[in-house]
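Next come the chains, spelled out residue by residue.
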Amino acid sequence: MTLLHRLGVQPIVRSILCCLLILTATALQSQSTPPETRSVADFEVHNTSRLAALARLGALTQTSILVEADTMPYLQAPISLSAQNTTVFPIATEILRGVEPYSIRQQGVLLIIFSTRARSHLLTLPLGPFSYHGKSLSSLLPFLSFTLRFVTGCNPQGYAWAGPPMDLDIPPIDTSSATIEQIIAQVAEAPQPTMWIIPIEPTPVGCINNPEANWEVGFYGFGASFSSCDQPLSTFVGPYLTAGPSLKSKASTNLTCTQDRLPTSLPAVPLPTP
């Protein structure tokens, strides 16, 4: 007799709880798998920006992605691509293939896409000691912005956040010498994956007064919530960088996406016996 039986849980409730437990275990297992080895059965995009294609790849494989964006026109240019029975790295490499030199690596479970021509100084800027014990991006991002303003000499007086919480269940972050890249890698350990896009800017000199204007951070959409290439991230903060120029033109009608798929099929749960 299972624990659910002993607790007197009704059969239909047991069935739902078992399904949720299996789904949770699947998500946790996926998040603990290095991006390099995550399998992709079927991937296809048509006339989709490179950034939106990367968002689709992250959504299908539940992979957190950090993009150090060299030039936005290149990453927002539309591509078409199909692949079957492969892994995340080869697909990401094909998405990025072109005249601009990009490479990929992983830090923990975070997939990092970076230009070999230029690197982001914002991501490697020393932040000093950093401690965060919250759970959501809604509170982490303002605190991260405050820290950046402080270490660059802006003399900030405080910070606050408003709006619905973007809950991630972020693990506690405690480090004596942090960078934004290291913080994002730790955020990637949360059960829900995220995508970060940070354009490469000139070397910062003095106060960075509005750091949050330099990144787009969001959650992926799944199934019906993944509302096509027009909105590859279901929820995001910052400038709208994911969409390409063709998406912003109402005259453009040649942008399509294939049918969306969940990263794994729902488990078959047997009906309870009376």
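Provided above is the structure to which this section pertains.
Residues numbered from 1 in each chain as written. Predicted model: local features only at pLDDT ≥ 70, side-chain atom pairs only at ≥ 80, totals over all residues. Heavy atoms only, no water.

Caption draft 1: Inspection of the overall build of the protein chain at higher detail. Summing up its helical and strand segments, the protein chain has nine helices and 11 strands in all. Within the protein chain, the proportion of its 274 residues that are buried is 45%. When contacts within the protein chain are restricted to residue pairs at least 6 apart in sequence, long-range pairs at least 24 apart make up 70% of them. Element-wise, carbon and sulfur atoms account for 59% of the exposed surface of the protein chain, whose accessible area totals about 13400 Å². (Helix = DSSP H or I, 4+ residues; strand = E, 2+ residues; numbered from the N terminus. Buried < 20%, exposed > 50% of the residue type's maximum accessible area, 1.4 Å probe, protein only. Contact = heavy atoms within 4.5 Å. Areas by Shrake-Rupley, 256 points an atom, 1.4 Å probe, with all protein chains shown as cover.)

Caption draft 2: Highlighting helix H7 (residues 137–151). In this model, H7 (15 residues) spans 21 Å end to end at C-alpha, consistent with the 21 Å of a helix rising 1.5 Å per residue. The buried count for H7 comes to 13 of 15 residues, which makes it a mostly enclosed element. (Expected span 1.5 Å × (residues − 1).)

Caption draft 3: Expanded view of the state of the cysteines. Tallying each qualifying case throughout the model produces one disulfide. Through a disulfide, Cys154 is tied to Cys207; the S-S separation comes to 1.9 Å. Between Cys154 and Cys207, the disulfide has an S-S torsion of 105° and is therefore right-handed. Taken together, the residues span a long stretch of sequence, with Cys154 in the loop between H7 and strand S7 (173–178) and Cys207 in the loop between strand S8 (194–199) and strand S9 (216–220) at a distance of 53 residues. (Disulfide = S-S within 2.5 Å.)

Caption draft 4: Seen up close, the sheet that holds strand S10 (residues 233–237). Pairing in this open sheet of six strands is mixed, and the strands run S4-S5-S2-S8-S9-S10 from one edge to the other. Of all strands in the sheet, those bounded by a partner on one side alone are strand S4 (102–107) and S10. The mean inter-strand angle of the sheet, taken between neighbouring strand axes irrespective of direction, is 20°. When strand S2 (residues 64–69) meets S8, the two strands line up parallel, connected through five bridges. What sits directly across from Ile65, in S8, is Met195. Seen against the sheet, helix H5 (residues 88–96) touches S4 and strand S5 (110–115) and runs at an angle of roughly 150° to S4. (Pairing = 2+ DSSP bridges. Axes fitted to C-alpha atoms, helices over the stretch in contact; angles between N-to-C directions.)

Caption draft 5: Here's a closer look at the environment of Ala59. Position of Ala59 relative to the elements: it lies in helix H3 (residues 50–61). By relative accessible area, Ala59 is classed as buried at 4%. Along the primary structure Ala59 and Leu233 are separated by 174 residues, whereas in three dimensions their C-alpha atoms are 8.9 Å apart.

Caption draft 6: Just the packing of H7 against helix H8 (residues 180–187), in detail. Relative orientation of the contacting elements H7 and H8 amounts to 170°, with a least axis distance of 12 Å. When the axis of H7 is compared with that of H8, the two are roughly antiparallel. The chirality of how H7 crosses H8 is right-handed. Only Ile180, Ile183 and Val187 of H8 make contact with H7, whose side of the interface consists of Leu137, Leu140, Leu144 and Leu148. Looking at the contact of H7 with H8 residue by residue, the class counts come to seven nonpolar, no polar and no charged. (Parallel < 35°, antiparallel > 145°, perpendicular 65-115°, else oblique. Left-handed = near helix turned anticlockwise from the far one by under 90°. Nonpolar A, V, L, I, M, F, W, Y, C, P; charged D, E, K, R; others polar.)

Caption draft 7: Representation of unusual backbone geometry. We note that Gln62 has phi near 55°; this positive angle belongs to a residue other than glycine. Relative to the helices and strands, Gln62 is located in the loop between H3 and S2. One non-glycine residue, Asn85, adopts positive backbone phi at about 50°. Summarising the element assignment, Asn85 is placed in strand S3 (residues 78–87).

Caption draft 8: Fine view of the packing of H3 against H5. At a closest axis distance of 10 Å, the pairing of H3 and H5 adopts a crossing angle of 170°. Put simply, H3 runs roughly antiparallel to H5. Residues Arg50, Ala53, Leu54, Leu57 and Thr61 of H3 form the contact with H5, whose participating residues are Val88, Ile91, Ala92, Ile95 and Leu96. A per-class count over the contact of H3 with H5 returns eight nonpolar, one polar and one charged.

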